[in-house]
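# Commentary on secondary and tertiary structure
Here's the letter readout for the chains.
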Amino acid sequence: HVQLVESGGGLVQPGGSLRLSCVASGSIYSIKTMGWYRQVPGKQRELVARITTEGDINYGDSTKGRFTISRDNAANTVYLQQDSPKPEDTAVYYCYAYLLDRNNLAFSEYWGQGTQVTVSS
């Protein structure tokens, strides 16, 4: 059993800052990729950013240059720093992990339950 737990969401003013955290726990053998996606009602879930164990990073087009992803491999934790967010960054943010489950020795995708981020004055 694998669990991803997000924290750090909430209300932030435009131009402020916010940091999301996500911890993966459970029957984990190794984690290849961790990251963040977001979704607003009526739209598809989109990539915010993801990072591999080796430190290779991909950002979504809408967040490139504004958000920063980082990772603590030893703690199975991924972070998303949002600096100067905009109202259009309002969404539910989901933590993502592509990992090897110790129980079945198969790589699978896992998702957190989501955390709401609202950017508003």
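As shown above, the structure is provided for reference.
Now for a description of the structure that goes with this document. Predicted model, so just to flag it, every value in this text is computed and none were measured. (Residues numbered from 1 in each chain as written. Predicted model: local features only at pLDDT ≥ 70, side-chain atom pairs only at ≥ 80, totals over all residues. Heavy atoms only, no water.)

Glancing now at the pairing of strand 7 (residues 67–72). Here strand 7 shows a buried face lined by Phe67, Ile69 and Arg71 and an unburied face lined by Thr68, Ser70 and Asp72. In terms of strand pairing, strand 7 meets strand 8 (residues 77–83) through six bridges, oriented antiparallel. Within strand 8, the residue paired with Thr68 across the bridge is Gln81. What sits between the antiparallel neighbours strand 7 and strand 8 is a turn of four residues, in which Asn76 has the positive phi angle 50°. (Buried < 20%, exposed > 50% of the residue type's maximum accessible area, 1.4 Å probe, protein only. Helix = DSSP H or I, 4+ residues; strand = E, 2+ residues; numbered from the N terminus. Pairing = 2+ DSSP bridges.)

Our next topic: unusual backbone geometry. If you check the backbone angles, Asn76 has positive phi at about 50° while not being a glycine. Residue position: Asn76 is located in the loop between strand 7 and strand 8. Exposure remark for Asn76: the relative accessible area of 23% places this residue in the partly exposed category.

On the basis of which strands lie adjacent, the open sheet formed by four strands has the order 1-3-8-7 and antiparallel pairing. Edge positions in the sheet fall to strand 1 (2–7) and strand 7, since each of these pairs with one other strand and no more. Averaged over neighbouring strand pairs, the angle between their axes works out to 15° when direction is ignored. As judged from the six bridges shared by strand 1 and strand 3 (residues 17–26), these two strands associate in the antiparallel manner. Bridge pairing links Glu6 to Cys22 in strand 3. (Axes fitted to C-alpha atoms, helices over the stretch in contact; angles between N-to-C directions.)

On to the side chain of Thr33. In this fold, Thr33 is placed in strand 4 (residues 28–39). In this structure Thr33 comes out as buried when scored by relative accessible area, which is 12%. Beyond its immediate chain neighbours, meaning those up to four positions away, Thr33 contacts Arg50, Ile51, Thr52, Arg71, Tyr96, Ala97 and Tyr98. (Contact = heavy atoms within 4.5 Å.)

Moving on: the pairing of strand 5 (residues 46–52). In terms of residue burial, strand 5 counts as a mostly covered element, since five of its seven residues are buried. Bridging between strand 4 and strand 5 involves six bridges; their strand directions are antiparallel. In the strand pairing of strand 5, Arg38 is matched with Glu46. Hairpin geometry of strand 4 and strand 5 is characterised by an intervening segment of six residues between the two adjacent antiparallel strands and by a positive phi of about 85° at Gly42. Relative to strand 6 (residues 57–59), strand 5 runs antiparallel, the two being bridged by three bridges. Looking at strand 6, one finds that Ile51 is bridged to Ile57. Counting the residues in the hairpin turn of strand 5 and strand 6 gives four residues, including Gly55, whose phi is positive at 95°.

Our next topic: the state of the cysteines. The final tally for this structure, using the stated rule, is one disulfide. Bridging Cys22 to Cys95, the disulfide has an S-S length of 2.0 Å. With the S-S bond torsion at -85°, the cross-link from Cys22 to Cys95 turns out left-handed. Of the two residues, Cys22 is situated in strand 3 and Cys95 in strand 9 (residues 91–101); the sequence distance between them amounts to 73 residues. Cys95 carries the same exposure label as Cys22, and that label is buried. (Disulfide = S-S within 2.5 Å.)

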